[in-house]
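What follows is the residue order along each chain.
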Amino acid sequence: SFFIVVENDSFRPGREAPLRAAVDRFLAVLTRRDRAALMTMPYGGIKVNLTNDYDQVRGELAKIVGQRSAAETGSDMACRTRRTLDSLVGLLSGLRASEGATHVLFITSAMAGPRRDAVQALAPGMCEVTVDMFARVGAAAGAGRATVHVVQAEDSMIRTGPAEAVASAGARGSDNPLEGIEHLAGVTGAERLNLAASGDDT
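Residues numbered from 1 in each chain as written. Predicted model: local features only at pLDDT ≥ 70, side-chain atom pairs only at ≥ 80, totals over all residues. Heavy atoms only, no water.

Here the focus is helix α3 (residues 74-93). The terminal C-alpha atoms of α3 lie 28 Å apart, and with 20 residues this matches the ideal 28 Å at 1.5 Å per residue to within 8%. Turning to α3, its buried residues number three or more, namely Gly74, Met77, Ala78, Cys79, Arg80, Thr81, Thr84, Leu85, Leu88, Val89, Leu91 and Leu92. (Helix = DSSP H or I, 4+ residues; strand = E, 2+ residues; numbered from the N terminus. Expected span 1.5 Å × (residues − 1). Buried < 20%, exposed > 50% of the residue type's maximum accessible area, 1.4 Å probe, protein only.)

Structure follows, in structure tokens:
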């Protein structure tokens, strides 16, 4: 069983073609004994339930477009990452042992790493991302006996210059769009794959 999970809020509009081509190549080598499902995160949920009708998966994937704003700030990325991690825990926690192996192909372009959204003296806000949030994903993957694959859909530019001020209080938060991807791969034991760098090899 293959769960193809697209964090469509993480990549920019108009950049869907490489993702669609990669998934199409992947589906082409599956057999009728395999099943695939398609989901979007952090919103949208299940687009196609597990099926061996791969044309249905292709059809729904063609409707998925990038939703990432060009003006996304580090705080925006942190809020999105937090919601996506919660959604991943929900998916993985719902998996049950079944015949054959279960794989989750998580496709993203940018995720925030652990960061505060307030100075240490203040209570954290709604966009804080903690190490524990990533650890919960790893624990859920282990409990669900799922193999996780983290696929970077496009190259994300690391912001240069000073880090974003957090909550206008003098604290700083990391704006590195690869940090969260690295954390997620680390806690799930996943290999990181890059569509832009590896192309067909991925």
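Look at helix α4 (residues 131-143) against helix α5 (residues 179-188): their axes get within 8 Å of each other, and the N-to-C directions meet at 40°. Relative to α5, the element α4 is oriented oblique. Crossing geometry of α4 relative to α5 is assigned as right-handed. Along its contact with α4, which presents Phe134, Ala135, Val137 and Gly138, the element α5 presents Gly180, His183, Leu184, Val187 and Thr188. Residue composition of the contact of α4 with α5, by class: 5 nonpolar, 4 polar and no charged. (Axes fitted to C-alpha atoms, helices over the stretch in contact; angles between N-to-C directions. Parallel < 35°, antiparallel > 145°, perpendicular 65-115°, else oblique. Left-handed = near helix turned anticlockwise from the far one by under 90°. Contact = heavy atoms within 4.5 Å. Nonpolar A, V, L, I, M, F, W, Y, C, P; charged D, E, K, R; others polar.)

Spanning 13 residues, α4 covers 19 Å between terminal C-alpha atoms, matching the ideal 18 Å at 1.5 Å per step. Taken together, the buried positions of α4 are occupied by Met133, Phe134, Val137, Gly138, Ala140 and Ala141. Here the buried residues of α4 occupy an arc of 160° about the axis, which is enough to place them on one side. Facing away from the buried side of α4 by over 90 degrees, the exposed positions are Val131, Ala139 and Ala143. Positive phi shows up at arginine 145, right after α4, with a value of about 50°. (Arc of directions from axis to C-beta.)

Attention now goes to the pairing of strand β1 (residues 2-6). Most of β1 is tucked away, with 5 of its 5 residues classed as buried. Of the two faces of β1, the one carrying Phe2, Ile4 and Val6 and the one carrying Phe3 and Val5 are both buried. Taken together, β1, helix α1 (residues 17-28) and strand β2 (residues 36-40) form a β-α-β motif whose crossover is right-handed. Here 5 bridges tie β1 to strand β4 (residues 102-108), and the two strands are oriented parallel to one another. Note that in β4 the partner of valine 5 across the bridge is phenylalanine 106. (Right-handed = clockwise from strand over helix to strand, strands pointing away. Pairing = 2+ DSSP bridges.)

Among all residues except glycine, the phi angle is most often negative; among peptide bonds, the trans geometry is most common. For the bond from methionine 41 to proline 42, the omega torsion is 5°, close enough to zero to count as cis. Considering the arrangement of structural elements, one finds proline 42 in the loop between β2 and β3 (45-51). The phi angle at arginine 145 is positive, at roughly 50°, despite the residue not being glycine. Locating arginine 145 in the fold gives a position in the loop between α4 and β5 (146-152).

What follows covers the pattern of salt bridges. Counted under the stated rule, the structure contains 8 salt bridges. Measuring nitrogen to oxygen at the nearest pair gives 3.1 Å for the salt bridge that ties arginine 80 to glutamate 72. Of the two residues, arginine 80 and glutamate 72, both sit in the buried class. With its nearest N and O atoms 3.4 Å apart, the salt bridge here joins arginine 192 to glutamate 182. Of the two residues, arginine 192 sits in strand β8 (residues 192-194) while glutamate 182 sits in helix α5, which places them 10 residues apart along the sequence. With a relative accessible area of 34%, arginine 192 lands in the partly exposed category. (Salt bridge = Lys/Arg side-chain N within 4 Å of Asp/Glu carboxyl O.)

Attention shifts here to the side chain of arginine 80. Considering the arrangement of structural elements, one finds arginine 80 in helix α3. Sequence-distant contacts of arginine 80, defined by excluding residues within four places in its chain, comprise Glu7, Asp9, Ser10, Pro42, Glu72 and Ala110.

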